[in-house]
Amino acid sequence: MTVREVYQFGLMERRKAKAPSFHLEEFNYLLYKGIQEYCNTRYAQFAINQQLSDDLQSLVRTANISFTYPVDESGLITGAYTGGFTDPTVGVSTGSRYGSNFLKFKAPDNYWHMLGSHVTAATTADYKCYPAGTTNQETSKRLTQNVANGIINNDFLKPAFNRPYHSFVDALAGGVKPDLMYFVGPSSRFRLTEVAIDFLKDPERVALTETQRDLPLDTSETMEFPDYVCNEIIKRMVTLELEVASDPRLQSFMGVNASIK
């Protein structure tokens, strides 16, 4: 389904296809607001069942970031994204917190919501039954504030190469996307080598122009969602417009379209 088709179907739902009063600025705003509203609702229920996962499948991405360590401690650690987001030069900062060192780096530019991540880490010195150089892959856990305060003095919960954590902090320099922090224990014992991040990307911001609306041939963008999701977005967009206009059809429109979910 294209953006112009969404516009035309929205006019049909409003019963004004022959005398449109849906200004393009209004349509573009309400369409994107409807997309955001739909995606936020579905994300809150994501993975409850296959249907809800399929609804946002077009937004699911995986990005891998690998880290390069300097030869000596005076150098800087660098990162590089590949996969669903590519960025060959990612700045990495380091520090220590909660009894562990951490690596902090920017989230992918198209990042919207985290679904999960897998961490590859290695031992740099002998650790328990693991000799130096042992690598391990584990799913990282989100380090919330209440958990963070309880792991400092708990050896069974402290970050380690086989027990990684991740958290989110405000981006440097006023960035909109958050920075990601990963904890795998003290750097004298462990080293983070790679992270695979599963996330939902930002929904595309689509817009219809006057030229695209008036041309005989439809040259507008194709929506990134399947048609059944587009129908739900149209329903939400029209609902928003009817509410703004205080249209008495709002109550009946919602009842008639209750099956569109």
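Use the structure listed above.
Cut-offs and rules
- Residues numbered from 1 in each chain as written.
- Predicted model: local features only at pLDDT ≥ 70, side-chain atom pairs only at ≥ 80, totals over all residues.
- Heavy atoms only, no water.
- Pairing = 2+ DSSP bridges.
- Helix = DSSP H or I, 4+ residues; strand = E, 2+ residues; numbered from the N terminus.
- Contact = heavy atoms within 4.5 Å.
- Axes fitted to C-alpha atoms, helices over the stretch in contact; angles between N-to-C directions.
- Phe/Tyr/Trp six-rings, centres within 6.5 Å; stacked < 30°, edge-to-face > 60°.
- Buried < 20%, exposed > 50% of the residue type's maximum accessible area, 1.4 Å probe, protein only.
- Lys NZ or Arg CZ within 6 Å of the ring centre and 35° of its normal.
- 1 Å grid on protein atoms, 1.4 Å probe; cavity = no way out; pocket = protein on both sides within 12 Å on 5 of 7 lines; lining within 4 Å.
- Points joined across faces, edges and corners; volume = space filled by probe spheres on them.
- Nonpolar A, V, L, I, M, F, W, Y, C, P; charged D, E, K, R; others polar.
- Core = buried A, V, L, I, M, F, W, Y, C linked by side-chain atoms within 4.5 Å.

Participant: So what's going on with the sheet that holds strand β4 (residues 100-106)? Residues and values would help.
Facilitator: Spatial strand order, β6-β5-β10-β1-β2-β3-β4-β9-β8-β7: 10 strands in an open sheet with mixed pairing. The open sheet has two free edges, formed respectively by β6 (135-139) and β7 (141-142), since each of these has just one partner strand. Packed onto the sheet, helix α2 (residues 24-44) meets β5 (111-123) and β10 (190-201) and runs at close to 45 degrees relative to β5.

Participant: Explain the packing of aromatic side chains residue by residue, including any values.
Facilitator: Taken as a whole and judged by the stated rule, the model has nine aromatic pairs. For the pair Y81 and F105, a centre-to-centre distance of 6.5 Å together with 65 degrees between the ring planes defines the contact as edge-to-face. Separated by 24 residues along the polypeptide, Y81 in strand β2 (residues 78-83) and F105 in strand β4 bring together distant segments of the chain. Like Y81, the residue F105 is buried in the burial classification. Where F161 meets F190, the ring centres are 5.4 Å apart and the plane angle is 5 degrees; that geometry is what we call stacked. Here F161 is found in the loop between α4 (145-151) and β8 (165-169), whereas its partner F190 is found in strand β10, with 29 residues between them in sequence. Looking at F161, the relative accessible area reads 0%, which means it is buried. For F190, a relative accessible area of 4% translates into the label buried. An aromatic cluster is built from F67, Y81, F105 and Y182, whose rings are joined through pairwise contacts. When the ring centre of Y69 is taken as origin, the NZ or CZ atom of R191, which lies over that ring, is 4.2 Å away.

Participant: Report on empty space enclosed by the protein, specifying residues and quantitative values.
Facilitator: Applying the stated criterion across every chain, the model contains one cavity of 30 Å³ or more. Approximately 30 Å³ is the volume attributed to the largest cavity. Lining the largest cavity, in full, are I35, E204, V206, M223, E224 and F225. In the lining of the largest cavity, the residues fall into four nonpolar, no polar and two charged.

Participant: An account of the nonpolar core is requested, with residue identities and associated values reported.
Facilitator: Among the nonpolar cores identified, the biggest contains 29 residues, and F27, L31 and M223 are the most heavily contacted of them. Among the elements of the structure, α1 (3-13), α2 and α6 (227-244) are those that each provide at least two residues to this core. For this core, the element with the highest residue contribution is α6, accounting for eight residues. Listed in part, the 26 residues of the second largest apolar core include V92, M114, Y127 and L192.

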